[in-house]
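# Notes for the structure review
This is what each chain is made of:
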Amino acid sequence: MLRGQLTAIALVAWGLVLLVEFAGLGAGADAGGWPSWLAPLQLSTVDTQLWLWLLPILAVAVWFGPQPARKGWVERNQYRSLTAGMLVVAGLSGVVHWGLLAWLSAAMGGPVPAYHDEFSYTLQADMLRDGAWALPAPEHPELFDQMHVLNRGVRSSRYFPGTGLWIAGWSLVTGQPAAALGDTTTDTLGFDVASSAIAVAGSLAVVVWTLLAGRLGGLLAAAPAGFGLALAPGLLLFHSLILAHAPTELGLGVLFLAWTYQPDDSERTVSVLRGLGWALIGGTGLALAMLCRPLTAAGVALPLGLVWLTGLFHARCPIHGCDTARRAAYLGAAGLGLPLLAGFGCLASQNAAVTGSVWVTPYSLYTERYTPRHVYGFNNGVRGDRQAGPDVLTHYDEWAENLTLPTACGNLGRRLVSSWRYTLGLIPMVVAMGLLACVWPRVSTVGRALLGGVVTLHAVYFPYWYDGIMHWHYVYESAVLWIVLAAIAVSMVITEAWTARARTFPALLLLLWGVSVVGQITPLGSTEPGLLARNVGELRFAKRKQAGFRALVAAEVRARPAVVVVQADPSDRHLDYVANPARLDGDVLIVRALPAEGTGRESTTALRSTYREWFPGRSIYLFDARTGALTGGELP
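Cut-offs used in this document
- Residues numbered from 1 in each chain as written.
- Predicted model: local features only at pLDDT ≥ 70, side-chain atom pairs only at ≥ 80, totals over all residues.
- Heavy atoms only, no water.
- Pairing = 2+ DSSP bridges.
- Helix = DSSP H or I, 4+ residues; strand = E, 2+ residues; numbered from the N terminus.
- Contact = heavy atoms within 4.5 Å.
- Axes fitted to C-alpha atoms, helices over the stretch in contact; angles between N-to-C directions.
- Parallel < 35°, antiparallel > 145°, perpendicular 65-115°, else oblique.
- Left-handed = near helix turned anticlockwise from the far one by under 90°.
- Patch = residues over 30% accessible without salt bridge, like charges linked within 9 Å, V, L, I, M, F, W, Y side chains within 5 Å.
- Areas by Shrake-Rupley, 256 points an atom, 1.4 Å probe, with all protein chains shown as cover.
- Salt bridge = Lys/Arg side-chain N within 4 Å of Asp/Glu carboxyl O.
- Core = buried A, V, L, I, M, F, W, Y, C linked by side-chain atoms within 4.5 Å.
- Buried < 20%, exposed > 50% of the residue type's maximum accessible area, 1.4 Å probe, protein only.
- Phe/Tyr/Trp six-rings, centres within 6.5 Å; stacked < 30°, edge-to-face > 60°.
- Lys NZ or Arg CZ within 6 Å of the ring centre and 35° of its normal.

### Re the sheet that holds strand β3 (residues 154-157)
- On the basis of which strands lie adjacent, the open sheet formed by three strands has the order β1-β3-β2 and antiparallel pairing. For this open sheet the edge positions go to β1 (135-136) and β2 (149-152), each flanked by a neighbour on one side alone.
- In this sheet, β3 lies alongside β1 in antiparallel orientation, the contact comprising two bridges. Paired with L135 across the bridge in β3 is R155.
- The sheet contacts of helix α4 (residues 116-129) involve β1, β2 and β3, and relative to β3 the element is tilted by about 115°.
- Packing of helix α13 (residues 362-370) onto the sheet brings it into contact with β2 and β3, and relative to β2 it is tilted by some 65°.

Below, the structure written as structure tokens:
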């Protein structure tokens, strides 16, 4: 590693800091008139203030430090054996991550869902725990409509089944139903069952990806990777939500880790059983990811799949044991394929039960029926308006912008910048990618597939109109890939410098990494709240609103069984209180208020009369989401 290269990397990163700080792109700045490609750099200065003075110090220290020689390189494609130290680091990283998730859960008001998606996933888990893909729709389905839930003919979540299966499995292990409504049912450390299941998946993912970093770069990569994965604000935030990302991330980690144990054509003696076993493990991980987020799984795994196909069809047999190598290759293909076939069978079963066709997914049916403008691809708004039917959720559907090429490019930039911000930080990731470019010729095949997975993941979501929750959740799984890649680059530079007795470089790089990770949790050099604190505040608002509603119902709805009729706030499309047990058999049901004729007292009287007729034997309450008032309660 040349001294000039490291100095140049530090100065380029410093130039980006100066751009953000002084070119009018800081927090609250008006970016009007700037080129559209600069829009993703509308950062808060908390992202850059620390590096304003730290990066010049780094550049000076590198330039005047000792000059390392080019030796000490780790040969390409040599995977490290997992040592006791790596296992300890991985285990500690998972435990620390779990503890931080418990702290976050308490800080955000407990395990109460915040997003529409979370209620849909827990509804799915409750159905699967009872052995059903779907249940019959209620007699008056329009009353029980909720976001991301199909409710005509059958009642079912729109989502792919992997997350629901994961939560349902954890529910069976703990012996408690998934707490879909933010009730007081808890599993451990303040989590409800659904939140606990996701926290387990997220913590296991941290362990697996730390082990992968160890396989690719030794303990010098495992330690910073584990530290970064455990404390990365993006991982902490999404592992605190009941979404599909954590089990997807876990499955992909299992795939990549298993791949490092696959025998290749350079081995004289190939263990057929070893290859088959690891292929089955990797295929199972990919199947889990596919059942949770199929497009994401395909995007991340595509480069690894190309490597596999190349090895399968163009492998050069070793001089001895050619037949054994061939058998290992084809058995490995079978081992990888069998779990995927089982996964496709699971998807087909869900499709048939929910939509009546093995080829039509609940996800696509929901989009077609309720939100046609949210369809995948360019010109989604134009195409969706042409297909709009009577069940379209107009207010939510119109939120979708029509996707054009400039919009897609802007989304791409925001997703990339946000994924760096929510991992190690924008500036540290710029430095890390500069280091990765310097060591790229020596990066292993799996390491290269990690970067390829980042590229293809961004590519498959390029033709989608929404940049994502926090501007990046569609490419969320790239977070672990970025952290592992950065850790590999740092470990290789440290190895080279240490071998050349240039001890300044390891100290500086480890300092940079530590400051980056800690600065993501507690902002250093700034009085502004950090990235994690800002997002916790936003999530806390929605969680407290949901928890407040449930607490109000629990305290004030005394005449049971009851129906609570929710009059929605039209100004807030993202906060919805209608969520019920899967079988609609609770002693309190939450339903929607239908448009009523008349005004004022006349309208309220007519509304109560209608619901008394539809729900005989239940008292009727009215909740106005705009004012927070709960009234009624007389038994019919």
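Next, the rest of the story.
### Observations regarding the packing of helix α6 (residues 193-217) against helix α7 (residues 219-231)
- Where α6 meets α7, the closest approach of the two axes is 7 Å, and the angle between their N-to-C directions is 155°. Classed by the angle they form, the pair α6 and α7 counts as roughly antiparallel. In this structure, α6 crosses over α7, and the sense of that crossing is right-handed. When α6 is examined against α7, the residues V206, W209, T210, A213, G214 and G217 are found in contact with a partner set consisting of L219, L220, A221, A222, A225, G226, L229 and A230.

### Looking at a nonpolar patch on the surface
- The grouping of L280, L338, L341 and F344 at the surface amounts to a nonpolar patch, some 400 Å² of accessible area in total.
- If you tally residues by element for the nonpolar patch, the top one is helix α12 (residues 322-355), at three residues.

### A short note on the nonpolar core
- Residues W209, F256, L450 and V564 are the most contacted members of the largest nonpolar core, which totals 139 residues.
- For L450, the contacting residues outside a window of four places in its chain are W209, L212, L216, F256, L481, V484, L485 and I488.
- With 12 residues, the next largest nonpolar core counts L143, L607, F615 and I620 among its residues.

### Points about the packing of aromatic side chains
- Summed over the entire model, instances satisfying the criterion amount to 26 aromatic pairs.
- On the basis of an interplanar angle of 85° and a centroid distance of 6.1 Å, the ring pair of Y466 and Y474 is categorised as edge-to-face.
- What makes Y474 buried here is its relative accessible area of 11%.
- Between R158 and the ring centre of Y363, over which it is positioned, the NZ or CZ distance is 3.9 Å.
- The ring of Y261 has R215 lying over it, and the distance from NZ or CZ to the ring centre is 3.7 Å.

### Section: the environment of E142
- With respect to the helices and strands, the residue E142 is situated in the loop between β1 and β2.
- On the accessibility criterion, E142 (28% relative accessible area) is partly exposed.
- As a C-alpha pair, E142 and V591 span 449 residues in sequence and 8.7 Å in three-dimensional space.
- If near-sequence neighbours (up to four positions away) are discounted, E142 is found in contact with R152, R592, L594 and W614.

### So, the sheet that holds strand β5 (residues 588-592)
- On the basis of which strands lie adjacent, the open sheet formed by four strands has the order β5-β4-β6-β7 and mixed pairing. Edge positions in the open sheet fall to β5 and β7 (629-632), since each of these has one partner strand only. Taking the axes of each pair of neighbouring strands and ignoring which way they run, one obtains an average angle of 25° across the sheet.
- For strand β6 (residues 619-624) and β7, the ladder comprises four bridges, and the chain directions are antiparallel.

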